[in-house]
Amino acid sequence: MPDDGKDGLRQAALDYHRLPRPGKLEVRATKPLANGQDLARAYSPGVAEACLEIKADPATARDYTSRGNLVAVVSNGTAVLGLGNIGALASKPVMEGKAVLFKKFANIDCFDIELNESDPEKLAEIVCALEPTFGAINLEDIKAPDCFTVERLCRERMNIPVFHDDQHGTAIVVGAATTNALRVTGKRWEEIKVVSTGGGAAGIACLDMLVTLGVRRENIWLCDLQGLVHHGREADMTPQKAAYAQGATPATLADVIGGADMFLGLSGPNVLSPSMVARMAERPIIFALANPSPEILPDLARQAAPGAVIATGRSDFPNQVNNVLCFPFIFRGALDVGATTINDAMKLACVEGIAELARATTSAEAAAAYHGEEMTFGPDYLIPKPFDPRLMGVVATAVARAAMESGVATRPIADLKAYKDQLDGSVFRSALIMRPVFEASKHAARRIVFAEGEDERVLRTAAAMLEETDDKPILIGRPEVVDVRCRRLGLPIRPDRDFELVNPESDARYRDYWGTYHELMARRGVTPDTARAIMRTNTTAIGAVMVHRGEAESLICGTLGQYLWHLGYVRQILARDGLRPVGALSLMILDDGPLFVADTQVHPDPTPDQVVEAVIGAARHARRFGVVPKVALCSHSQFGNLDTASGLRMRAAMEILDRLRPDFAYEGEMHVDAALDPEIRDRLLPGSRLEGAANILIFSGTDTASGVRNILKMKARGLEVGPILMGMGNRAHIVTPSITARGLLNMSAIAGTPVQHYS
């Protein structure tokens, strides 16, 4: 019978490559080419100026061309994945895929180059001739021992990094996984016995890396299809294999596996039998990395050795040894410091960075990408997941530092912390614009209470707050639930040790809380019994009472439930002493910069006075992010051409603003396109008071504002920070159920920043 699952996967993979257009790559222009002036600059005659600058100083090629961020993935298709020598043309989908990974994970541009050349010296000559085009070379899927020759010759002749990923990328990730496997098993580098199968490029490079990390060469036993690599063997030998020869007599894998602490397989399926595993040392480390079928399946290995620590090359088992953990980021760091090579110091920095990241708290983004998988450091989590966004900042920075310290960087980076912040900002899109808010929050340690303290996103936010800020999280939730979830998520925080926990079922302050709530609401229809019930079950009300009583400075709620429901309790308890909700402001981070949208939640049909309050509040908050406010009042009417309800409302708001004379630019009423495109606006109203594109859009109703916000999120890939509740003096913020842990951390920084008032 046909395997429908396998056939379906095959067809899905083919469709992925074929539709909606063939292949996985395209070339896009990074500069405008819309008129004759652009053409004159991009090509003749303007291009000559750039050419002459580079001729005078070759280093300026990085300034005037894409070379400094351009890598070539080069292959002759002689050793492709598990497919063998399939030829250069058939290898192209793999090389295109590698190029996509460079762009996706490290924002490095990449050309795939497939060469019909099997002679290693001629192949090296062709690659060397590419040096003027590229900032670095990634050699890929070239068979051993040819790959050693090609890489050696290219490294000798070229003044840019040349990196054979099959060798060194695999070795780096194996090194990181082994580092942590030894921690888990309590074993030491210099004491372990390693038995390896596979004497190809990856296998030899992995053994070289293990020796560099501390394994004794005399404790390594290498086997291949001919059996043990031993002194005097002539069949299928290379100088690289000979370096690991043991003894002078033939032997098999079964002969040498006894007492081994680690098995490293880069060979083929079913090479390691359960009976062999049973003869290994206690708590053996088994890296069965052959793809797609490993040397032994994890369940069979564990049956023979229940304490085994296992890694494979497959994504459907824990501990996938995947080169994507390494190569994008080692190239990122190397390119950014203008490294002339990738040396051992840079590789070791990569090993240490990857290993250390696995031991840290799991990122919320990685947890979301691998929903349902437990990612707590231990036997089943030795290395990070490829979609962990922290890899870029941690690994690339470590590589850049090592390149500088080892003397191969031609453009050293003066401030590595700022460099890491920049890298993080390219991954966490909110990082750069949130930086002034996080910096301001460091000047005041504020207590922030989270109403939904049992939510996974809140728990991750609390852990991140303790790592990144001086603010103190307070969580409302049941202790046993919070504790179990922290452990399951691999978070190092625990209730009442690292953060205060308010148990709604049995907190000692319960009587004080319901008494306070009743005192506030006694003449608004709330009886003592109602107050007791609300303080036993309503975590938003509990958090608001805590802020009212001075036991916290700010409340964050809304990860569950409807916005206006939460707003009702915030109004009841905290809207006093001149504070009242005036609008919800969403900061949308778009590819071309930030855009604020209001009011998305509070006033369905605001009065002109309420519109003005939203305008002033939005301008004040924009300044918290270092943004000079330029406000557009948006409506269906455009500069008085329609007397619609929205037009009249915004026109009246403009009159009020004119009387108040605020110290920021504003204009209205207008359509959104006129707000964002100054050319359109100038055609309609020459000499308007707004210059350039508006960065704050104020709408005449929550339906419109919320709709625009959601369109920007879903269709323009906008990342939202907020909603920020304006008018409440930072005493409460109500988020929406779609918020991420990163979004909650951003909101905690906003809540942790003392409010600054602007006229």
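Everything numeric in this text was worked out from a predicted model, so none of it was measured.

Examining the overall build of the protein chain
Moving on, step 1. Helices and strands together make up the secondary structure of the protein chain, namely 31 helices and 21 strands.
Moving on, step 2. A principal-axis box enclosing the C-alpha atoms of the protein chain has dimensions of 95 × 75 × 60 Å.
Moving on, step 3. By residue count, 53% of the 759 residues in the protein chain fall in the buried class.
Moving on, step 4. Element-wise, carbon and sulfur atoms account for 53% of the exposed surface of the protein chain, whose accessible area totals about 33500 Å².
Moving on, step 5. Taking the 82 positively charged and 93 negatively charged side chains of the protein chain as two groups, their mean positions are separated by 4 Å.

Quick look at the UniProt feature "domain: Malic enzyme N-terminal" (unreviewed entry) in the protein chain
Moving on, step 1. When the UniProt feature table is mapped to this numbering, "domain: Malic enzyme N-terminal" (unreviewed entry) covers residues 22–155.
Moving on, step 2. What you have in residues 22–155 is 41% helix and 12% strand, and the ends, taken at the C-alpha atoms, are 34 Å apart.

Digging into the pattern of salt bridges
Moving on, step 1. Applying the stated criterion across every chain yields a total of 42 salt bridges.
Moving on, step 2. The partner of Asp316 in a salt bridge is Arg314, with the nearest N and O atoms 2.6 Å apart.
Moving on, step 3. Note on Arg314: relative accessible area 23%, which makes it partly exposed.
Moving on, step 4. A salt bridge links Asp658 to Arg689; the nearest nitrogen and oxygen atoms lie 2.8 Å apart. With Asp658 in helix α27 (residues 645–660) and Arg689 in the loop between α29 (678–684) and β19 (696–698), this residue pair connects regions lying 31 residues apart in the sequence.
Moving on, step 5. Several salt bridges converge on common partners, so that one network encompasses Glu500, Asp507, Arg509, Arg549 and Glu551.

Some words on the side chain of Arg332
Moving on, step 1. By secondary structure assignment, the location of Arg332 is in helix α14 (residues 327–336).
Moving on, step 2. Reaching out from Arg332, the side chain makes a polar contact with the side chain of Asn69 at a distance of 2.8 Å.
Moving on, step 3. Residues within four places of Arg332 in sequence aside, it is in contact with Asn69, Ala106, Asn107, Ile108, Met392, Ala396, Tyr419 and Leu423.

Considerations on the nonpolar core
Moving on, step 1. Core analysis: the biggest nonpolar cluster contains 102 residues, and Ile137, Phe287 and Ile354 have the highest contact counts within it.
Moving on, step 2. The next biggest cluster of nonpolar side chains, apart from the first, holds 58 residues, and it includes Val482, Leu489, Leu587 and Tyr666.

Observations regarding the environment of Leu123
Moving on, step 1. Here Leu123 shows up in helix α6 (residues 120–128).
Moving on, step 2. C-alpha separation for the pair Leu123 and Asn76, spaced 47 residues apart in sequence, amounts to 8.2 Å.

What about the sheet that holds strand β17 (residues 630–634)?
Moving on, step 1. The six strands lie next to each other as β18-β17-β19-β16-β15-β20, forming an open sheet whose pairing is mixed. Each edge of the open sheet carries a strand with a single partner, namely β18 (665–670) and β20 (719–726). The mean angle between the axes of side-by-side strands here comes to 20°, regardless of whether they run parallel or antiparallel.
Moving on, step 2. With five bridges joining them, β17 and β18 adopt parallel strand pairing. Each bridged residue has a counterpart across the sheet, and for Cys634 the counterpart in β18 is Met670.

Let's talk about the packing of helix α22 (residues 510–521) against helix α25 (residues 563–574)
Moving on, step 1. Two elements in contact, α22 and α25, have axes whose closest approach is 9 Å; the angle formed by their N-to-C orientations is 80°. When the axis of α22 is compared with that of α25, the two are roughly perpendicular. Contacts between α22 and α25 involve Tyr517, Leu520 and Met521 on the former and, on the latter, Tyr569, Gln572 and Ile573.

What to know about the sheet that holds strand β11 (residues 447–450)
Moving on, step 1. The strand order across the open sheet formed by five strands is β13-β12-β11-β14-β21, and the pairing between neighbours is parallel. Strands at the two margins of the open sheet, each flanked by one partner only, are β13 (500–502) and β21 (732–734). Each strand axis lies, on average, 20° off the axis of its neighbour in the sheet, ignoring direction.
Moving on, step 2. Relative to β13, strand β12 (residues 472–476) runs parallel, the two being bridged by three bridges. Bridge pairing in β13 places Leu475 opposite Leu501.
Moving on, step 3. Its contacts with the sheet place helix α31 (residues 741–751) against β11, β14 (554–557) and β21, and it is angled at close to 160° to β14.

Let's talk about a nonpolar patch on the surface
Moving on, step 1. On the surface, a nonpolar cluster with roughly 370 Å² of combined accessible area is contributed by Leu33, Leu39 and Tyr43.
Moving on, step 2. The exposure class of Leu33 is exposed, given its relative accessible area of 58%.

Observations regarding empty space enclosed by the protein
Moving on, step 1. Inspection of every chain in the model, using the stated rule, returns three cavities of 30 Å³ or more.
Moving on, step 2. By volume, the largest cavity is sized at about 50 Å³.
Moving on, step 3. Lining the largest cavity, in full, are Val502, Asn503, Pro504, Asp507, Tyr510, Tyr513, Met535, Arg536 and Ile542.
Moving on, step 4. Every element with two or more residues in the lining of the largest cavity is listed here: α22 and α23 (528–537).
Moving on, step 5. Taken together, the residues of the lining of the largest cavity sort by class into six nonpolar, one polar and two charged.

Section: the packing of aromatic side chains
Moving on, step 1. For the structure on display, the rule yields seven aromatic pairs.
Moving on, step 2. Judged by centre distance (6.1 Å) and plane angle (85°), the ring pair of Phe111 and Phe134 falls under edge-to-face. On the criterion of sequence distance, the pair formed by Phe111 in strand β2 (residues 109–114) and Phe134 in the loop between α6 and β3 (136–139) is long-range, its members being 23 residues apart.
Moving on, step 3. Exposure remark for Phe111: the relative accessible area of 39% places this residue in the partly exposed category.
Moving on, step 4. Phe134 sits in the buried class, given a relative accessible area of 2%.
Moving on, step 5. Ring geometry for Phe664 against Tyr666: centres 6.3 Å apart, planes inclined by 70°, an arrangement best described as edge-to-face. A single burial state applies to Phe664 and to Tyr666, both of which are buried.
Moving on, step 6. Through a chain of ring-to-ring contacts, the aromatic side chains of Phe102, Phe163, Phe327 and Phe331 assemble into a single cluster.
Moving on, step 7. One residue, Arg532, lies across the ring of Trp514, its end atom 4.2 Å from the ring centre.
Moving on, step 8. For the cation-ring pair, Arg536 lies above Tyr510, with the distance from its terminal atom to the ring centre recorded as 3.7 Å.

Here we look at the environment of Gly490
Moving on, step 1. Along the chain, the position of Gly490 falls in the loop between α21 (479–488) and β13.
Moving on, step 2. When the C-alpha atoms of Gly490 and Ala56 are compared, they prove to be 56 Å apart, with 434 residues separating the residues in sequence.
Moving on, step 3. Apart from the residues within four sequence positions on either side, Gly490 is in contact with Thr361 and Thr376.

Quick notes on α25
Helical periodicity: at 3.6 residues per turn, an α-helix aligns residues three or four positions apart in one direction.
Moving on, step 1. The end-to-end C-alpha distance of α25 is 16 Å, a good match for the 16 Å that 12 residues give at a rise of 1.5 Å each.
Moving on, step 2. Taken together, the buried positions of α25 are Tyr563, His566, Leu567, Tyr569, Val570, Gln572, Ile573 and Leu574.
Moving on, step 3. By the N-cap criterion, in which a side-chain oxygen at the helix start approaches the backbone nitrogen of a residue two or three places on, α25 is capped by Gln562, the distance to Leu564 being 2.6 Å.

Overview of unusual backbone geometry
Moving on, step 1. Cis peptide bonds are those with omega within 30 degrees of zero, and the linkage from Ala144 to Pro145 qualifies with 0°.
Moving on, step 2. The residue Pro145 is located in the loop between β3 and α7 (146–157) in this model.
Moving on, step 3. Cis geometry marks the peptide bond from Asn291 to Pro292, where omega comes out at 0°.
Moving on, step 4. Mapped onto the fold, Pro292 is located in the loop between β9 (285–288) and α13 (298–304).
Moving on, step 5. Here Asp236, not a glycine, exhibits a phi torsion of approximately 50°, which is positive.
Moving on, step 6. The residue Asp236 is located in the loop between β7 (227–228) and α10 (239–242) in this model.
Moving on, step 7. In this structure Asp236 comes out as partly exposed when scored by relative accessible area, which is 43%.
Moving on, step 8. The backbone phi angle of Arg717 is positive, close to 55°, even though this residue is not glycine.

Definitions and cut-offs
- Residues numbered from 1 in each chain as written.
- Predicted model: local features only at pLDDT ≥ 70, side-chain atom pairs only at ≥ 80, totals over all residues.
- Heavy atoms only, no water.
- Helix = DSSP H or I, 4+ residues; strand = E, 2+ residues; numbered from the N terminus.
- Buried < 20%, exposed > 50% of the residue type's maximum accessible area, 1.4 Å probe, protein only.
- Areas by Shrake-Rupley, 256 points an atom, 1.4 Å probe, with all protein chains shown as cover.
- Lys, Arg positive; Asp, Glu negative; His and termini not counted.
- Charge placed at Lys NZ, Arg CZ, Asp CG, Glu CD.
- UniProt positions renumbered as here; feature names shortened; annotations may be inferred.
- Salt bridge = Lys/Arg side-chain N within 4 Å of Asp/Glu carboxyl O.
- Polar contact = N/O pair within 3.5 Å; in protein donor to acceptor, adjacent residues only side chain to side chain.
- Contact = heavy atoms within 4.5 Å.
- Core = buried A, V, L, I, M, F, W, Y, C linked by side-chain atoms within 4.5 Å.
- Pairing = 2+ DSSP bridges.
- Axes fitted to C-alpha atoms, helices over the stretch in contact; angles between N-to-C directions.
- Parallel < 35°, antiparallel > 145°, perpendicular 65-115°, else oblique.
- Patch = residues over 30% accessible without salt bridge, like charges linked within 9 Å, V, L, I, M, F, W, Y side chains within 5 Å.
- 1 Å grid on protein atoms, 1.4 Å probe; cavity = no way out; pocket = protein on both sides within 12 Å on 5 of 7 lines; lining within 4 Å.
- Points joined across faces, edges and corners; volume = space filled by probe spheres on them.
- Nonpolar A, V, L, I, M, F, W, Y, C, P; charged D, E, K, R; others polar.
- Phe/Tyr/Trp six-rings, centres within 6.5 Å; stacked < 30°, edge-to-face > 60°.
- Lys NZ or Arg CZ within 6 Å of the ring centre and 35° of its normal.
- Expected span 1.5 Å × (residues − 1).

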